[in-house]
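Structure assessment
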Amino acid sequence: MQSSKINKQIAIEMIPDNADLIRDEVLLKILSDNTVEVAGVSQNTSNLNIPESISFKGSTYHVTSIGKAAFHKNSTIESVELPTSITSIGKIAFGDCKN
């Protein structure tokens, strides 16, 4: 009888202290009242599409704000598509972005 090995690769993405979860490279911080704030990006990406809402642990959260310095000094983002649910953008959220 031959034995076969199964190799699986599992990608684990560490969540930084300023975020609670990651969805499609977007770092999100859970706020009160089923809302979340964009805290940044987890990987270098040139085109970012921020969702209007996300599902997490059986609840739906609406993306309502871009956090303070969320993309500060980001040198790779060229475009960001914001949903209509965004009601506030923090100070220097896009400050010193190269593109």
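Cut-offs used in this document
Every residue gets a number counted from 1 within its own chain, in the order that chain's sequence is written. Predicted model: local features are reported for residues with pLDDT of at least 70 only, side-chain atom pairs are reported and counted for 80 or more only, and whole-chain, interface and lining totals are derived from all residues. Note that the side-chain values use all heavy atoms of the structure and ignore hydrogens as well as water. Only DSSP runs of H or I covering at least 4 residues are called helices, and only runs of E covering at least 2 are called strands; the numbering of each starts at the N terminus. Each residue is placed in one exposure class: buried if its accessible area under a 1.4 Å probe, protein chains only, is under 20% of its type's maximum, exposed if it is over 50%, and partly exposed if it falls in between. In this analysis, two residues are considered to be in contact whenever any of their non-hydrogen atoms come within 4.5 Å of each other. Shrake-Rupley sampling with a 1.4 Å probe provides the accessible areas, and residues are treated as covered by the protein chains on show and by no other component. At least two bridges found by DSSP between two strands are what make those strands a pair. By convention, a stacked pair of Phe, Tyr or Trp rings (six-membered ring in the case of Trp) has centres within 6.5 Å and planes under 30 degrees apart, an edge-to-face pair has planes over 60 apart, and any other such pair is tilted. Patch definition: residues with relative accessible area over 30% and no salt bridge; like charges joined within 9 Å; nonpolar side chains (Val, Leu, Ile, Met, Phe, Trp, Tyr) joined within 5 Å. Any Lys or Arg side-chain nitrogen located within 4 Å of an Asp or Glu carboxyl oxygen qualifies as a salt bridge. Side-chain atoms within 4.5 Å are what join buried Ala, Val, Leu, Ile, Met, Phe, Trp, Tyr and Cys residues into a set we call a nonpolar core.

Structural notes on the overall build of the protein
Scanning the protein for helices and strands turns up zero helices and eight strands. Element order for the protein, N to C, with α for helix and β for strand: β-β-β-β-β-β-β-β. Of all 99 residues assigned to the protein, the portion counted as buried reaches 31%. Sequence separation of at least 24 residues holds for 43% of the intrachain contacts in the protein that already meet a minimum separation of 6. With the model as given, the accessible surface of the protein reaches about 7,000 Å², and the carbon-plus-sulfur share is 46%.

Notes on the pairing of strand E5 (residues 53-56)
Two faces, one strand: in a regular strand the side chains alternate between the faces of the sheet. Pairing of E5 with strand E6 (residues 59-66), which is carried by four bridges, proceeds in the antiparallel orientation. By the bridge assignment for E6, Phe56 is matched with Ser59. Here E5 hands over to E6 after two residues, with Lys57 in that stretch at a positive phi of 50 degrees.

Brief notes about the packing of aromatic side chains
Any pair of aromatic rings gets described here by the distance separating the centres and the angle formed by the planes. Considering all chains together, one arrives at one aromatic pair under this definition. Look at Phe71 and Phe94: their rings are 5.1 Å apart centre to centre, the planes differ by 20 degrees, and that puts the pair in the stacked class. Pair noted here: Phe71 is in the loop between E6 and strand E7 (79-81) and Phe94 is in the segment after strand E8 (88-89), with a separation of 23 residues, a long-range link.

Digging into a nonpolar patch on the surface
A cluster of nonpolar residues, Leu82, Ile89 and Phe94, forms a patch on the protein surface that exposes about 240 Å² of accessible area. With respect to the secondary-structure elements, Ile89 resides in strand E8. The exposure class of Ile89 is partly exposed, given its relative accessible area of 47%.

A few points about the nonpolar core
Within the largest apolar cluster, 17 residues are counted, with the highest numbers of intra-cluster contacts made by Leu28, Val38, Leu48, Ile50, Ile66 and Phe71. For this core, the secondary-structure elements that each account for two or more residues are strand E2 (26-30), strand E3 (35-41) and E6. The residues touching Leu48, leaving out its near neighbours within four places in the chain, are Val26, Val41, Phe71, Ile77, Ser79, Val80 and Glu81.

Let's talk about the environment of Lys73
Relative to the helices and strands, Lys73 resides in the loop between E6 and E7. Put simply, Lys73 and Ala93 are 20 residues apart on the chain and 9.2 Å apart in space, counted from C-alpha to C-alpha. Not counting residues up to four positions away in its chain, the partners in contact with Lys73 are Gly95, Asp96 and Cys97.

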